[in-house]
Amino acid sequence: MPALLTIVFTDVVDSSATKRDTSLGRDARERDHTYLEKVQSPHFSLIRECSKAHQGREVSTMGDAFYLTFDDPVEAVRCAVDIQRRLTSHPIETPRGPLRLRIGIHSGYPELFETTYHGTDVDKAARVEAMATAQQILLSSTTHELVAQMTDVKFIRKGEFVLKGVDRVVLWEAAWDGARPRPTAVPPLDIQRRSKRRRIMSAALALILVLGGAAGYRYYVTRQAEQ
């Protein structure tokens, strides 16, 4: 049976727009070169330093995203916190402000295939990361159960979410900086349900008012005709 691993995905927020910023160069080639030198290089160095410091392994990169694995879920969370804190204390400047990352973490039993890990748990980790927003660290409930006793990080329950291809999952936020909880990319299911109910009630009320107004108008016209 595969060993338990904690998977961490990181990605840059708004990287496509940043790379196209005209302040980076006169054409696409010049802008790409400047981005790689001024932004990507220090970003990659930071992620790799943090991963090494917390006994992580780099599985792969794709564009601006990192795919890391950890034997210890606590160290995975601490690595994610370390990354966000370093970006705050030593920001990597871009034409659109300091570089911002979103991070997703999930623990499971991925299968090793052709030097990399595959399977539903990898997909789930990627979906967790996709739910995160700028400077946010999100954990699946599986990882949260493994690290809930940590005293150096506070965890906030975000609610239940539908993750594409992996059904419903409860997500938790690692509050790494003491700031207010950050919103997720998509609201949790309970908020979506409440919003839907409010829309239905508003539509029903509007319909009642329209029908009431129409009935009142017909009554007025009828009364006028009888006089």
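The structure contained in this document is the topic of the report that follows. (Residues numbered from 1 in each chain as written. Predicted model: local features only at pLDDT ≥ 70, side-chain atom pairs only at ≥ 80, totals over all residues. Heavy atoms only, no water.)

Here we come to the environment of Lys124. Tracing the backbone shows Lys124 in helix α4 (residues 120–131). On a C-alpha basis, the gap between Lys124 and Val169 in space is 9.1 Å, while along the polypeptide they are 45 residues apart. Once you skip the residues sitting within four places of it in the chain, Lys124 turns out to touch His106, Leu163, Val166 and Val169. (Helix = DSSP H or I, 4+ residues; strand = E, 2+ residues; numbered from the N terminus. Contact = heavy atoms within 4.5 Å.)

It is worth spelling out the packing of helix α2 (residues 28–53) against helix α3 (residues 73–89) at this point. Interhelical geometry of α2 versus α3 gives an angle of 140° and a closest axis separation of 9 Å. For the element pair α2 / α3, the angle class is oblique. Crossing of α2 against α3: the hand is right-handed. Judged by residue contacts, Leu46, Ile47, Glu49, Cys50 and Ser51 of α2 engage Cys79, Asp82, Ile83, Arg86 and Leu87 from α3. Of the residues assigned to the contact of α2 with α3, the class counts are six nonpolar, one polar and three charged. (Axes fitted to C-alpha atoms, helices over the stretch in contact; angles between N-to-C directions. Parallel < 35°, antiparallel > 145°, perpendicular 65-115°, else oblique. Left-handed = near helix turned anticlockwise from the far one by under 90°. Nonpolar A, V, L, I, M, F, W, Y, C, P; charged D, E, K, R; others polar.)

By the definition in use, this model includes two aromatic pairs. Seen in terms of ring centroids, Phe9 and Tyr67 are 4.7 Å apart; in terms of plane orientation they differ by 25°. Their pairing is stacked. Pair noted here: Phe9 is in strand β1 (residues 5–12) and Tyr67 is in strand β3 (residues 65–70), with a separation of 58 residues, a long-range link. No difference in accessibility class separates Phe9 from Tyr67, as the two residues are buried. Judged by centre distance (4.7 Å) and plane angle (70°), the ring pair of Phe44 and Phe66 falls under edge-to-face. One end of the pair, Phe44, is in helix α2; the other, Phe66, is in strand β3, with 22 residues separating them in the sequence. For the residue pair Phe44 and Phe66, the accessibility class agrees, reading buried in each case. (Phe/Tyr/Trp six-rings, centres within 6.5 Å; stacked < 30°, edge-to-face > 60°. Buried < 20%, exposed > 50% of the residue type's maximum accessible area, 1.4 Å probe, protein only.)

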